[in-house]
Amino acid sequence: MNPITAQEAERLLSGIVIPPRPTIVQAILEEKGREPPDLGHISQLIASDVALAAAVLKTVNSPLYGLQRRINAIDQAVELLGMSNIATLVTGIALRASLPAQNLDRFWDSATRTAGVCLYLARQLGCVAASDAHLFGLFRDCGIPLMMQRFSDYRDTLRLANAEATRAFTDVEDARCGTNHAIVGYLLACNWQLEPPMREAIRLHHNLKIYDSGLPPMTMNLVALGVLAGHIENQYSRLVSDQEWTKLGAATTAYLMLSAHDVEELVNDAIAVLDESGL
């Protein structure tokens, strides 16, 4: 779990292109750093990108976001959510447009639902900020499209990794590719200057000893929410295999101090909200 050196990153990224942080994200984060930030300018920046503005409004009005009233304009969203939350939301939404599109609609649908469930769980459990949970859910597997672009047989690797009953998911990738999607996602998160605890959560979200690592609580909380959200997404999508939950479910529920009944209620409630949201 030691930090990755520049030389190691170069080796792991051989042939993989990490997209730069989008201009709109850079501009919003620069405005966020001003004291005080100009919320009107932030609203104008978001509204100037029609696709981004539509995605922001769709996200904040989702039942998963839990707002009490419908938001109809970007300036309303910025005012209600605040600078930090809106910057996090825009960063997550910009991710999809920055990654290669290779018939990955199913991947993005699953990632969007998982991120939404992360947000929902964060609101229910209160262990991390909801916006951070949502951002983590979107970035958690962002290395997969980049791995798919680099390795022609990566879909076979994913199939084998998803079916692996004992080894970590990333061990299968490492054996076949010499790197893995968690490392690639971590390096993208570094490039986009996400907070260090979130970067580490992306890097280690398949680590089978994560809860014994002594890492900052935010990192382990994000990983735990991601594991539970992934389990809920699998239940919602009616996937037969759920090896990640088999390997990490007991440790995750113990870490979150949830009983089997608690988990069952969260699963049922989150699936109901997913149904309502139409994701």
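Enquirer: Before we move on, could you go through unusual backbone geometry and cite the residues and values that matter?
Expert: Here the residue pair Glu35 and Pro36 is connected by a cis peptide bond, since its omega of -5° sits within 30 degrees of zero. One can find Pro36 in the loop between α2 (23–32) and α3 (39–47). For Met257, which is not glycine, the phi dihedral falls at a positive 55°.

Enquirer: Please provide a residue-by-residue account of helix α16 (residues 260–277), values included.
Expert: With 18 residues, α16 extends 26 Å from end C-alpha to end C-alpha; this agrees with the ideal 26 Å at 1.5 Å per step. The inward-facing, buried residues of α16 contact α7 (105–125), α14 (217–237) and α15 (243–255).

Enquirer: Lay out the side chain of Asn180 with the relevant residues and their values.
Expert: When you line up the elements, Asn180 lands in the loop between α11 (169–177) and α12 (181–191). Polar side-chain contacts of Asn180 include one of 2.9 Å to the backbone nitrogen of Ile183. Once you skip the residues sitting within four places of it in the chain, Asn180 turns out to touch Met147, Thr170, Glu173 and Asp174.

Enquirer: Explain the pattern of salt bridges to me, and be specific about the residues and the numbers.
Expert: Evaluated as defined, the whole model comprises nine salt bridges. Measuring nitrogen to oxygen at the nearest pair gives 3.6 Å for the salt bridge that ties Asp105 to Arg96. Taking the relative accessible area as the measure of exposure, Arg96 reaches 39% and is therefore partly exposed. Among the salt bridges present, the one from Asp153 reaches Arg176, with a minimum N-O distance of 3.2 Å.

Enquirer: Can you explain the packing of aromatic side chains? Please cite residues and give values.
Expert: Taken as a whole and assessed by the stated rule, the structure comprises three aromatic pairs. Centroid distance Tyr211 to Tyr255: 4.9 Å. Interplanar angle 15°. Geometry classified as stacked. Of the two residues, Tyr211 sits in the loop between α13 (196–203) and α14 while Tyr255 sits in helix α15, which places them 44 residues apart along the sequence. Assessed through its relative accessible area of 15%, Tyr211 is described here as buried. Cation over ring: Arg150 sits above Phe151, and NZ or CZ is 4.6 Å from the ring centre. In this arrangement the basic side chain of Arg203 is found over the ring face of Tyr186, its NZ or CZ atom lying 5.5 Å from the centre.

Scoring rules and cut-offs
- Residues numbered from 1 in each chain as written.
- Predicted model: local features only at pLDDT ≥ 70, side-chain atom pairs only at ≥ 80, totals over all residues.
- Heavy atoms only, no water.
- Helix = DSSP H or I, 4+ residues; strand = E, 2+ residues; numbered from the N terminus.
- Expected span 1.5 Å × (residues − 1).
- Contact = heavy atoms within 4.5 Å.
- Polar contact = N/O pair within 3.5 Å; in protein donor to acceptor, adjacent residues only side chain to side chain.
- Salt bridge = Lys/Arg side-chain N within 4 Å of Asp/Glu carboxyl O.
- Buried < 20%, exposed > 50% of the residue type's maximum accessible area, 1.4 Å probe, protein only.
- Phe/Tyr/Trp six-rings, centres within 6.5 Å; stacked < 30°, edge-to-face > 60°.
- Lys NZ or Arg CZ within 6 Å of the ring centre and 35° of its normal.

This is a description of form; function is not addressed.
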